[in-house]
Amino acid sequence: DLSRVVFNKKFKFIYNPLFQLPYNPVDFAENKFWLELVQLNKENKLDRRFTGTTLFTEHRPMFELFDLEKDPGEFVNLAGKEEFLEIEHQMKAALQRWMIIYRDVVPLPIPVSKKQANAL
């Protein structure tokens, strides 16, 4: 799993560079409990707060942003929503800085401008 995460006291930002690949929980994909949850989800028998989340999607989104104060369970992805674009950009920039400093092999989440590249 090549996902990268940055967070502060209020927000958590996840970058999934391999979002095109099918998603399965790495550590418990074949666990009986997980398989039962998947089946219950298919039968619409789970609490509605669990449906429509990244838990049961075939592919993870490239970006995930969660408000840790209002949504500590990380069920509502705020990435791409107009009112959170500024915080999303700030979190992407923070992640990108970290990735450049530590020479991460994963592609950067946002393109580097010539001005930014010269500043490095």
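Residues numbered from 1 in each chain as written. Predicted model: local features only at pLDDT ≥ 70, side-chain atom pairs only at ≥ 80, totals over all residues. Heavy atoms only, no water.

### Comments concerning helix 1 (residues 32-42)
No. 1: Its side-chain oxygen placed 2.7 Å from the backbone nitrogen of Phe33, Asn31 serves as the N-cap of helix 1.
No. 2: Downstream of helix 1 by one or two residues, Asn44 has phi in the positive range, about 55 degrees. (Polar contact = N/O pair within 3.5 Å; in protein donor to acceptor, adjacent residues only side chain to side chain. Helix = DSSP H or I, 4+ residues; strand = E, 2+ residues; numbered from the N terminus.)

### What about the packing of aromatic side chains?
No. 1: Per the stated rule, a full pass over the model turns up 4 aromatic pairs.
No. 2: Between Phe11 and Phe84, the ring centres sit 6.2 Å apart and the planes meet at 70 degrees, which makes this aromatic pair edge-to-face. Linking Phe11 in strand 2 (residues 11-15) with Phe84 in the loop between strand 3 (63-67) and helix 2 (85-101), this pair joins segments that are 73 residues apart in sequence.
No. 3: Owing to a relative accessible area of 9%, Phe11 belongs among the buried residues under this scheme.
No. 4: Linked through ring pairs, Phe13, Tyr15 and Phe63 together constitute an aromatic cluster. (Phe/Tyr/Trp six-rings, centres within 6.5 Å; stacked < 30°, edge-to-face > 60°. Buried < 20%, exposed > 50% of the residue type's maximum accessible area, 1.4 Å probe, protein only.)

### Side note on the nonpolar core
No. 1: Core analysis: the biggest nonpolar cluster contains 14 residues, and Phe11, Phe13, Tyr15, Leu65 and Met91 have the highest contact counts within it.
No. 2: Of all the elements in the fold, those that place two or more residues in this core are strand 2, strand 3 and helix 2.
No. 3: Looking at which element gives the most residues to this core, the answer is helix 2, with 4 residues.
No. 4: Those residues in contact with Met91 that sit more than four places away from it in its chain are Val6, Phe7, Asn8, Phe11, Lys12, Phe13 and Leu65. (Core = buried A, V, L, I, M, F, W, Y, C linked by side-chain atoms within 4.5 Å. Contact = heavy atoms within 4.5 Å.)

### Brief notes about the pattern of salt bridges
No. 1: With the rule as written, the count across this model stands at 7 salt bridges.
No. 2: Glu43 is the partner of Lys45 in a salt bridge, and the nearest nitrogen-oxygen pair spans 3.1 Å.
No. 3: Through salt bridges with shared partners, a single network forms among Lys10, Asp67 and Glu69. (Salt bridge = Lys/Arg side-chain N within 4 Å of Asp/Glu carboxyl O.)

### Points about a nonpolar patch on the surface
No. 1: Taken together, the side chains of Leu2, Leu18 and Leu21 make up a nonpolar region of the molecular surface, amounting to roughly 260 Å² of accessible area.
No. 2: Positionally, Leu2 belongs in the segment before strand 1 (4-7). (Patch = residues over 30% accessible without salt bridge, like charges linked within 9 Å, V, L, I, M, F, W, Y side chains within 5 Å. Areas by Shrake-Rupley, 256 points an atom, 1.4 Å probe, with all protein chains shown as cover.)

### Things to note about the pairing of strand 2
No. 1: Among the 5 residues that make up strand 2, 4 are buried, leaving the element largely enclosed by the rest of the structure.
No. 2: The turn joining strand 1 and strand 2, which pair antiparallel and follow one another in sequence, is formed by 3 residues.
No. 3: Where strand 2 meets strand 3, 5 bridges bridge the pair, whose relative direction is antiparallel. Following the sheet pairing, Phe13 is matched in strand 3 by Leu65. (Pairing = 2+ DSSP bridges.)

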